[in-house]
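Chain by chain, the residues run as shown.
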Amino acid sequence: MLRTEVDKAVEEAAAKLNQTAVPPVRRWVMEYVLWKEKNDPALARAIEECKTYRPFLKLLESQRPDGTWPISTPRRIEEEAGPGLPYGWTQRIIVRNLYMLFEYWATRETGHINDSLELLLSWQREDGFIRGPDPDDIPRPYNHGLTLGVLMKFDMKGDMRVEKLLQALLGMQRHDGGWNIPYIQDMKYRPEYKFMKREEFLNLKIKGKLPPYDPSDYDDVPSCVWTTLGALRGISMYRSLSGEKRIKKAAEFVLERFFKKNYHSSYYLSEHNWTMLKFPTYYGSGLTALDTLVHMGFGPGDERMEKPIRWLLNARSRDGLWHRSERPHPLDDQWISLVSLEILGHFRDMY
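So, a few notes on the structure that sits alongside this text. (Residues numbered from 1 in each chain as written. Predicted model: local features only at pLDDT ≥ 70, side-chain atom pairs only at ≥ 80, totals over all residues. Heavy atoms only, no water.)

## What to know about the overall build of the protein
At step 1: Across its full length, the protein carries 15 helices and zero strands.
At step 2: A globule of 351 residues ought to have a C-alpha radius of gyration of about 20 Å, and the protein, at 21 Å, matches this closely.
At step 3: Residue burial in the protein is summarised as follows: out of 351 residues, 55% are buried.
At step 4: A sequence separation of at least 24 residues applies to 69% of the contacts in the protein between residues at least 6 apart.
At step 5: When the accessible surface of the protein is split by element, carbon and sulfur atoms take 51% of a total near 16400 Å².
At step 6: Each charge class in the protein can be summarised by its mean position, and for the 51 positive and 49 negative side chains these summaries are 3 Å apart. (Helix = DSSP H or I, 4+ residues; strand = E, 2+ residues; numbered from the N terminus. Rg over C-alpha atoms; globule rule 2.2 N^0.38 Å. Buried < 20%, exposed > 50% of the residue type's maximum accessible area, 1.4 Å probe, protein only. Contact = heavy atoms within 4.5 Å. Areas by Shrake-Rupley, 256 points an atom, 1.4 Å probe, with all protein chains shown as cover. Lys, Arg positive; Asp, Glu negative; His and termini not counted. Charge placed at Lys NZ, Arg CZ, Asp CG, Glu CD.)

## Describing the pattern of salt bridges
Any two side chains of opposite charge can pair, given that their charged atoms come close.
At step 1: For the coordinates displayed, the defined rule picks out 27 salt bridges.
At step 2: A salt bridge links arginine 27 to glutamate 31, with the shortest nitrogen-to-oxygen separation between them at 2.8 Å. One end of the pair, arginine 27, and the other, glutamate 31, are both in helix α2 (residues 23-32), four residues apart, so they sit about a helical turn from each other.
At step 3: Overall, arginine 27 belongs to the buried group, its relative accessible area being 13%.
At step 4: Glutamate 31 sits in the buried class, given a relative accessible area of 10%.
At step 5: Here glutamate 61 ties to arginine 54 by a salt bridge, and the two come within 3.0 Å at their closest N and O atoms.
At step 6: Its relative accessible area of 53% is what places glutamate 61 among the exposed residues.
At step 7: Taking relative accessible area as the criterion, arginine 54 reaches 46% and is therefore assigned partly exposed. (Salt bridge = Lys/Arg side-chain N within 4 Å of Asp/Glu carboxyl O.)

## Section: unusual backbone geometry
At step 1: Here leucine 85 and proline 86 are connected by a cis peptide whose omega angle stands at 10°.
At step 2: Within the fold, proline 86 resides in the loop between α5 (73-81) and α6 (89-103).
At step 3: Following glycine 132, the chain continues to proline 133 via a peptide bond in cis, the omega torsion being -5°.
At step 4: Positive phi, close to 55°, is recorded for tryptophan 35, a residue that is not glycine.
At step 5: Even without being glycine, tryptophan 105 reaches a positive phi, approximately 75°.

## Considerations on the side chain of threonine 228
At step 1: Looking at where threonine 228 falls in the secondary structure, it is placed in helix α11 (residues 225-235).
At step 2: Once residues lying within four places of it in the same chain are set aside, the contact partners of threonine 228 are Gly177, Gly178, Trp179, Ser223, Ala250, Phe253 and Val254.

## Comments concerning the packing of aromatic side chains
Between two aromatic rings, the relevant description is the distance of the centres plus the angle of the planes.
At step 1: Taken as a whole, this structure holds 20 aromatic pairs when the rule is applied.
At step 2: Clustering of aromatic rings is evident, with ring pairs tying together Trp28, Tyr32, Trp35, Phe102, Trp105 and Phe154.
At step 3: One Lys or Arg, arginine 27, reaches over the ring of tryptophan 105 and ends 3.8 Å from the middle of that ring.
At step 4: Here the guanidinium or amino end of arginine 92 rests over the ring plane of tryptophan 89, the centre of that ring lying 5.1 Å away. (Phe/Tyr/Trp six-rings, centres within 6.5 Å; stacked < 30°, edge-to-face > 60°. Lys NZ or Arg CZ within 6 Å of the ring centre and 35° of its normal.)

## Considerations on the environment of asparagine 262
At step 1: In this structure, asparagine 262 sits in the loop between α12 (245-255) and α13 (286-295).
At step 2: Judged by relative accessible area, asparagine 262 falls into the buried class, the value being 5%.
At step 3: Taking the C-alpha atoms as reference, asparagine 262 lies 6.5 Å from cysteine 224; in sequence the two are 38 residues apart.
At step 4: Not counting the four nearest positions on each side in its chain, asparagine 262 is found in contact with Cys224, Val225, Trp226, Tyr267, Tyr268 and Leu269.
At step 5: At a separation of 3.1 Å, a polar atom in the side chain of asparagine 262 contacts the main-chain amide nitrogen of valine 225.
At step 6: From its side chain, asparagine 262 meets the backbone oxygen of histidine 264 in a polar contact 3.1 Å long. (Polar contact = N/O pair within 3.5 Å; in protein donor to acceptor, adjacent residues only side chain to side chain.)

## A closer look at a negative patch on the surface
At step 1: On the surface, Asp214, Asp217, Asp219 and Asp220 cluster together into a patch of negative charge.
At step 2: You can see aspartate 219 is positioned in the loop between α10 (198-206) and α11. (Patch = residues over 30% accessible without salt bridge, like charges linked within 9 Å, V, L, I, M, F, W, Y side chains within 5 Å.)

As C-alpha cells, this is what we get:
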C-alpha cells in the first residue's frame, strides 16, 4: 500500500515539476529522480538553460575575486564592530551562496567558487574546526556540518583540511550518538553553571577559566536533535562512513526522535518544527532529516521510516506538490517539492 502511494506521488510530482519548474529544478528531477540519459532532448535542453539561469548568473556576477560577496550595510557595521573576519556575516553568506550555487549546477571551476572554498579553509583552526561566524569561537557542529557538506559538494573530499574538519566533528560525537554545541548546550545541566547567565558563562570561556571540553564528561546530558542532524548532514556525504556503527547510531538518534520535542532551546524546541516545510533544507526539519536518512540507506526495510514517509506524502497540497509552511513562495516551493520528490524517489528505489 505504501509503495503504491509513493509510486503515485513520484509520478505525479515529477510530471508537474517537469512542466512548470525552473531549469535547475527540472534538471535535478530528470537526472536524479527519473534517471534520464544525458542525450535525452528534454534533459539536454535543461542543461543548456541552467547556464543562463538568471539567479545563477546574478550570484556569480556579485561574487568578488577573493571569493566573498557584498553584505548589507547593517550587517557590515555589525561585522566591523566585532573581532573581524571570519566572524560575522561574510562567512555565513559565503557558505549559503555556495550551497545555492551547487543547487544551480555550478562546479568548483565556476567563477570564483574555488576562491571561496580556499578562503573558508584558510580560516581553519589547529583543532580542525573553521573559525566563524560566531565571535565566541565555540564550534557549532550544525554550522560545521553545513560547511563540510558544501566542501564535499564541490569535490573536496580527500583534501587533508577537509578530512581534518571531519575528524574534528567526529571527535565531538557523544555517547548517545548525537552532538551538542560544546559548553553552551551543557551548561544548564551542570550545578556550577545552572543559574549563570549565558554572557557570564561565555566570559569565563573567553578568559580561559573553563576546563577543556570533553564530550565524555557530559554523558548524562542529552544531545540536541537539530545539532546532531546538522553535523550528520555533512558527515553522511562521506558514503564510506554511512555503514560505520557510530554514524548509523547518529542517524538512529535522529530517526528515533522524529516528531518529538527537542531537549535544548538553542534550536527549535517545539516538536512542530518537524512538520515545517522550509527551504533551503540546511534548516533543521523533518524534510532535512528524511533527505539525510534516505541517502544513508534508511528505506522500506526499516519500519520506523513508514510514519515520516506517510507524513511527507500527506504534506502534499491539492496541486500535487509541496509548499513552504510559512508564506508559500513560488520559487522556494519548487525546491521544497524537488527535495520531497528526491526523498520519495530514493525511498522507492530501495524496495
